[in-house]
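The primary structure of each chain is shown beneath.
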Amino acid sequence: MTQPTLEGVPPGPGARPPFVAAPTEGSTTRLWWGLGTGAAALLLFCGGGIALLVGLAITGVRAVEDQANQTVTRYLDALERGKPAEAYDLVCEEMRKRYDLDEFQALERDVTTSTGYTLGEVDLNTLQMPVQLEYASGPDRSVTYQLTQNSSTGHIEICGTA
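The present account deals with the structure reproduced in this document. The numbers attached to residues start from 1 for each chain and follow its sequence in the written order. In keeping with the predicted nature of the model, local features appear solely for residues at pLDDT of at least 70, side-chain atom pairs appear and are counted solely at 80 or more, and the whole-chain, interface and lining totals rest on all residues. Each side-chain value is worked out from all heavy atoms of the structure, with water and hydrogens disregarded.

Taken in spatial order, the four strands make up an open sheet running β1-β2-β3-β4, and their pairing is antiparallel. The strands lining the two open edges of the sheet, one partner per strand, are β1 (116-119) and β4 (156-161). If you compare each strand with its neighbour and ignore which way they point, the axes differ by 35° on average. Following DSSP output, two strands are said to pair if at least two bridges run between them. Runs of H or I in DSSP of at least four residues are treated as helices and runs of E of at least two as strands, each being numbered from the N terminus. Direction of pairing for strand β2 (residues 128-134) relative to strand β3 (residues 141-149): antiparallel, over a ladder of six bridges. Residue pairing across strands places Gln128 opposite Gln146, the latter belonging to β3. It only takes one pair of heavy atoms within 4.5 Å for two residues to be counted as in contact. Axes, fitted as lines to C-alpha atoms, cover a helix only where it is in contact. Angles between the N-to-C directions of the axes lie from 0 to 180 degrees. Strands in contact with helix α1 (residues 29-80) are β1, β2, β3 and β4; relative to β1, the strand with the most contacts, it is inclined by about 170°.

The term salt bridge refers to a side-chain nitrogen of Lys or Arg lying within 4 Å of a carboxyl oxygen of Asp or Glu. One pass over the structure, following the stated rule, counts two salt bridges. Residues Glu86 and Arg81 are paired through a salt bridge, measuring 3.2 Å at the closest nitrogen-oxygen approach. For the exposure calls, accessible area comes from a 1.4 Å probe over protein chains only, and a residue counts as buried if that area is under 20% of its type's maximum, exposed if over 50%, partly exposed in between. In this structure Glu86 comes out as partly exposed when scored by relative accessible area, which is 36%. A salt bridge links Arg98 to Glu94; the nearest nitrogen and oxygen atoms lie 3.2 Å apart. Separated by four residues within a single helix, Arg98 and Glu94 lie in helix α3 (residues 93-98), roughly one turn from each other.

This part is about the environment of Leu119. Its location among the elements puts Leu119 in strand β1. Exposure remark for Leu119: the relative accessible area of 26% places this residue in the partly exposed category. Put simply, Leu119 and Thr144 are 25 residues apart on the chain and 9.7 Å apart in space, counted from C-alpha to C-alpha. Leaving out residues up to four positions away in the same chain, Leu119 has contacts with Asn69, Val72, Thr73, Leu76, Met129, Pro130 and Val131.

Moving on, we come to unusual backbone geometry. For Leu127, which is not glycine, the phi torsion reads 50° and is therefore positive. On the secondary structure map, Leu127 appears in the loop between β1 and β2. Look at Leu127 and you get buried, because its relative accessible area is 18%.

Stacked, edge-to-face and tilted labels apply to pairs of Phe, Tyr and Trp rings (six-membered ring for Trp) whose centres lie within 6.5 Å, assigned for plane angles under 30 degrees, over 60, and everything in between, in that order. Scanning all chains against the criterion turns up three aromatic pairs. Taking 6.1 Å as the distance between ring centres and 65° as the angle between the ring planes, the aromatic pair formed by Tyr75 and Phe104 counts as edge-to-face. With Tyr75 in helix α1 and Phe104 in helix α4 (residues 101-107), this pair connects stretches of sequence that are 29 residues apart. Of the two residues examined, Tyr75 and Phe104, each falls in the buried class. One aromatic cluster is present, formed by Tyr75, Tyr88, Phe104 and Tyr145 through successive ring pairs. Lysine and arginine charges are scored as sitting over a ring when NZ or CZ, respectively, is within 6 Å of the ring centre and within 35 degrees of the ring normal. Arg96 extends its terminal NZ or CZ atom over the ring of Tyr88, reaching a point 5.6 Å from the ring centre.

This next bit is on the layout of surface pockets. Both site types are read off a 1 Å grid over the protein atoms alone. A 1.4 Å probe that fits but cannot get out defines a cavity, while an open set with protein on both sides within 12 Å along at least five of seven lines defines a pocket; lining residues have an atom within 4 Å of a point. Grid points are joined across faces, edges and corners, and a volume is the space filled by probe spheres set on the points. Volume-wise, the largest pocket comes out at about 190 Å³. Lining the largest pocket are Met95, Arg98, Tyr99, Leu107, Glu108, Asp110, Arg141, Val143, Tyr145, Gly160 and Thr161. Among the elements of the structure, α3, β3 and β4 are those that each provide at least two residues to the lining of the largest pocket. Per-element accounting of the lining of the largest pocket gives the leading share, three residues, to β3. A breakdown of the residues in the lining of the largest pocket according to their chemical character gives five nonpolar, two polar and four charged. Counted as a void, the second largest pocket has a volume near 150 Å³. In terms of lining, the second largest pocket is formed by Gln67, Gln70, Thr71, Arg74, Asp89, Leu90, Asn150, Thr153, His155, Ile156 and Glu157. Looking at the lining of the second largest pocket, the elements that each hand over two or more residues are α1 and β4. If you tally residues by element for the lining of the second largest pocket, the top one is α1, at four residues. Under the scheme applied, nonpolar residues are Ala, Val, Leu, Ile, Met, Phe, Trp, Tyr, Cys and Pro; charged residues are Asp, Glu, Lys and Arg; polar residues are all the others, including Gly.

What follows is the structure, encoded as structure tokens:
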């Protein structure tokens, strides 16, 4: 009779397994609650941050549009009322270097004779605003004003026509 080999026999009592198995509770409810809470917190903070950035971007765009509309309106109103000095206060430094007040007044003579205007939509990429000038004795004229933002004050200024 042959002797049985010990290779296939499991170790006896008190033998150590090759690695320790993780303890289990029998239920994974606590694990899923933890994962769900973590996912909800991540969604809330990331989603809130994204919503905040989108809100800031929209507010910034609207602020630039509003300021551009106000600047061009004040500029054209001042010229139509015959107050070129008020309009000259709204032009950029580069334009002031090119033209003194008298040259500026001669340059904008066509605008001073207009009877009204209609503002277009400001192009935020190029900072240009189209304006339709209306005249009582003659055809309307389209002018596109080039705008710029003053780096020291942050105000939108007129810097010529495009």
